[in-house]
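Structural features, examined
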Amino acid sequence: MRALVIDDSRTMRRIVSSTLRPLGFEPYEAEHGRAALDLLEGGLQADLACVDWNMPVMDGLTFVSTVRERPEWRSMTLMMVTTESEQSQIVRALAAGAHEYLIKPFTPDAVRDKLALLGLLPLDGAA
C-alpha cells in the first residue's frame with residue numbers, strides 16, 4: 001500500500017515514513033499540502049495520507065478539504081498527524097473529512113493502533 005506523508009518538517013516526514021515501512025506501506029513525502037496535491041494530480045494513488053496541520057503554502061486542513069471534494073480521491077484514508085491537540089481542532093479536522101487524528105509526539109504503537117482501527121492493518125497489528 002502507498003502512503004503519502006505530508007509535513008513541512010523533513011525530520012518528521014522521515015519519522016512517519018520509517019514507522020509506516022515495517023507496516024507494509026511504501027511512503028511518498030511532500031513538504032506541504034500543495035506538493036502533495038501535485039503528486040496526486042501526477043497520478044500517485046495513495047491508500048493513506050498522514051497529514052500535518054500547520055504547514056506553509058497549503059495547510060493540512062485545506063488539503064483534507066480539497067481531497068474530499070475530488071471523487072477520484074475519496075477512497076484515500078486521511079489521518080491528521082499534528083501537534084494540534086485542542087478538542088475544537090480535532091472536531092474541525094474530522095468534520096472536514098479526516099478519518100483519524102494522531103497527536104504528536106506519538107509512538108510507533110500508536111500509529112499501528114490507529115491504522116488497525118482504520119482497517120488498514122490486521123487487528124493484531126501484524127504487517
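In case you missed it, the structure is sitting above this.
Residue indices follow the written sequence of each chain, beginning from 1 at its first position. Given that this is a predicted model, residues contribute local features only at a pLDDT of at least 70 and side-chain atom pairs are listed and counted only at 80 or more, while totals for whole chains, interfaces and linings are drawn from all residues. Side-chain metrics in this entry use all non-hydrogen atoms of the structure; hydrogen atoms and water are not considered.

**What to know about the sheet that holds strand β2 (residues 26-30)**
What counts is decided by this rule: Only strands joined by at least two bridges in the DSSP assignment are considered to pair. Where helices and strands are cited, they refer to DSSP runs of H or I of at least four residues and of E of at least two residues respectively, numbered from the N terminus. What counts as an axis is a line fitted to C-alpha atoms, over the stretch in contact for a helix, and the angles between N-to-C directions run from 0 to 180 degrees. By the convention used here, residues are in contact when the closest approach between their heavy atoms is within 4.5 Å.
Taken together, five strands build an open sheet; the order of strands is β2-β1-β3-β4-β5 and the sheet is parallel. The open sheet has two free edges, formed respectively by β2 and β5 (100-103), since each of these has just one partner strand. Each neighbouring strand pair of the sheet contributes to a mean axis angle of 20°, computed without reference to strand direction. Here four bridges tie strand β3 (residues 48-51) to strand β4 (residues 77-82), and the two strands are oriented parallel to one another. The partner of L48 across the bridge, within β4, is T77. Its contacts with the sheet place helix α3 (residues 60-69) against β1 (2-6), β3 and β4, and it is angled at close to 175° to β4. Against the sheet, helix α5 (residues 108-117) contacts β3, β4 and β5, and its axis sits at roughly 175° relative to β5.

**Some details on the pairing of β3**
As a general feature of sheets, a regular strand has side chains that alternate between the two faces. Which entries qualify depends on this criterion: A simple rule labels every residue: compare its accessible area, found with a 1.4 Å probe on the protein chains alone, to the largest value its type can have, and call it buried under 20%, exposed over 50%, or partly exposed in between. We call a crossover right-handed when, viewed with both strands directed away from the observer, the connection leading from the first strand over the helix to the second proceeds clockwise.
Of the two faces of β3, the one lined by L48 and C50 and the one lined by A49 and V51 are each fully buried. Here β1 runs beside β3; their pairing, made up of four bridges, is parallel. Residue pairing for β3: V5 is matched across the bridge by C50. In this view, the connection linking β3 to its parallel neighbour β4 by way of α3 has right-handed handedness.

**Remarks on the packing of aromatic side chains**
Rules: Note on aromatic pairs: the rings of Phe, Tyr and Trp (six-membered ring only in Trp) are paired at centre separations within 6.5 Å, and the planes decide the class, stacked below 30 degrees, edge-to-face beyond 60, tilted for the rest. By definition, being over a ring means that NZ of Lys or CZ of Arg is both within 6 Å of the ring centre and within 35 degrees of the ring normal.
This model, assessed by the stated rule, comprises zero aromatic pairs. For R70, the ring lying beneath its charged end belongs to W73, and the centroid distance is 4.1 Å.

**Focus: the packing of α3 against helix α4 (residues 87-96)**
A packed helix pair is summarised by two numbers, namely the angle formed by the two axes and the spacing between the axes. Stated formally: If an angle is under 35 degrees, it is roughly parallel; if it is over 145, roughly antiparallel; if it lies from 65 to 115, roughly perpendicular; otherwise it is oblique. The classification used treats Ala, Val, Leu, Ile, Met, Phe, Trp, Tyr, Cys and Pro as nonpolar, Asp, Glu, Lys and Arg as charged, and all other residues, Gly among them, as polar.
One can describe the packing of α3 onto α4 by two numbers: an axis separation of 9 Å at closest approach and a directional angle of 20°. Classified by the angle between their axes, α3 and α4 sit roughly parallel to one another. Mapping the contact onto sequence places L61, V64, S65 and R68 in α3 and R92, A93 and A96 in α4. Its residues placed into classes, the contact of α3 with α4 shows four nonpolar, one polar and two charged.

**Quick word on helix α1 (residues 10-20)**
Rules: It is the directions from the helix axis to the C-beta atoms whose arc is reported.
Buried within α1 we find M12, R13, V16, S17, T19 and L20. For α1, the buried positions fall inside an angular range of 160° around the axis, keeping them on one side. Facing away from the buried side of α1 by over 90 degrees, the exposed positions are R10 and R14. Of the surrounding secondary structure, the elements contacted by the buried residues of α1 are β1, β2, β3, β4 and α5.

**A short note on unusual backbone geometry**
Here the bond from K104 into P105 is cis, since omega is -5°, no more than 30 degrees from zero. Backbone geometry places V57, a non-glycine residue, at a positive phi of 70°. Along the chain, V57 turns up in the loop between β3 and α3. Overall, the relative accessible area of 65% leaves V57 in the exposed class.

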